Amino acid sequence: MNKWDKRFMELTEQVATWSSCFKEDRQVGAIIVRDKRILSTGYNGAPEGVQSCKSKGECIRLKMGIASGTHLEMCYSVHAEQNAIVSAARLGVRLEDATLYCTHQPCVICAKLIINAGIRRVVYKEGYPDEFARILLHEANIQVDRYADLVDA
């Protein structure tokens, strides 16, 4: 593992603390970098002008008994990766050939956005139950590294 992977993952974990997700184990952070420069950050949270689960004091997914990795549309939060990509778009920052660091493996929706944004590498820390996302990223020739595998190497 290079020292930059470690530093960027540490920053990603810090960004995750900004999350407005009700469930602490699902507070996700993402940063997008190119040439050792941070281009954008994102964390999971409600869209602008929408009250978050944390401020409502309940999680709609827990309330409805929705399993992790299913019915992604049934959540007030926008995913960290999505927020990082949207933030870059709002600021006019191009993401081609960048690396996305994320505390959790991207879901299929985020994988599609990552592919179309031109991001070339994803480094994630925690797994996520979405095999199809991994299949899409592989087919699109996106380099995907699990952080623990880099540490062990």
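Details of the structure are given in the entry above.
Described below are features of the structure shown in this document. Predicted, not measured: the structure shown is a model, and the values here were computed from it. (Residues numbered from 1 in each chain as written. Predicted model: local features only at pLDDT ≥ 70, side-chain atom pairs only at ≥ 80, totals over all residues. Heavy atoms only, no water.)

1. Side note on helix α5 (residues 108-117)
Buried residues of α5: Val-108, Cys-110, Ala-111, Ile-114 and Ala-117, and no others. Contacts from the buried residues of α5 go to α4 (80-91), β3 (99-104), β4 (121-126) and α6 (131-139). In the stretch just after α5, Gly-118 is the one whose phi turns positive, near 85 degrees. (Buried < 20%, exposed > 50% of the residue type's maximum accessible area, 1.4 Å probe, protein only. Helix = DSSP H or I, 4+ residues; strand = E, 2+ residues; numbered from the N terminus. Contact = heavy atoms within 4.5 Å.)

2. Looking at the packing of α4 against α5
The geometry of α4 relative to α5 is characterised by a closest axis approach of 9 Å and an angle of 30 degrees between their N-to-C directions. When the interaxial angle is binned, α4 and α5 end up roughly parallel. Regarding α4 and α5, the two cross each other, and that crossing is left-handed. Every residue of α5 that contacts α4 at Glu-81, Gln-82 and Ile-85 is listed here: Ile-109, Cys-110, Leu-113, Ile-114 and Ala-117. In the contact of α4 with α5, the residues fall into 6 nonpolar, 1 polar and 1 charged. (Axes fitted to C-alpha atoms, helices over the stretch in contact; angles between N-to-C directions. Parallel < 35°, antiparallel > 145°, perpendicular 65-115°, else oblique. Left-handed = near helix turned anticlockwise from the far one by under 90°. Nonpolar A, V, L, I, M, F, W, Y, C, P; charged D, E, K, R; others polar.)

3. Digging into the side chain of Arg-34
Inspection of the secondary structure puts Arg-34 in strand β1 (residues 29-34). Within the buried set, Arg-34 has no salt-bridge partner at all; the shortest N-O distance to an opposite charge, 4.3 Å, is to Asp-35. At 3.0 Å, the side chain of Arg-34 forms a polar contact with the backbone oxygen of Glu-96. When neighbours within four sequence positions are excluded, Arg-34 is seen to be in contact with Leu-39, Arg-94, Leu-95, Glu-96, Asp-97 and Ala-98. (Lys, Arg positive; Asp, Glu negative; His and termini not counted. Salt bridge = Lys/Arg side-chain N within 4 Å of Asp/Glu carboxyl O. Polar contact = N/O pair within 3.5 Å; in protein donor to acceptor, adjacent residues only side chain to side chain.)

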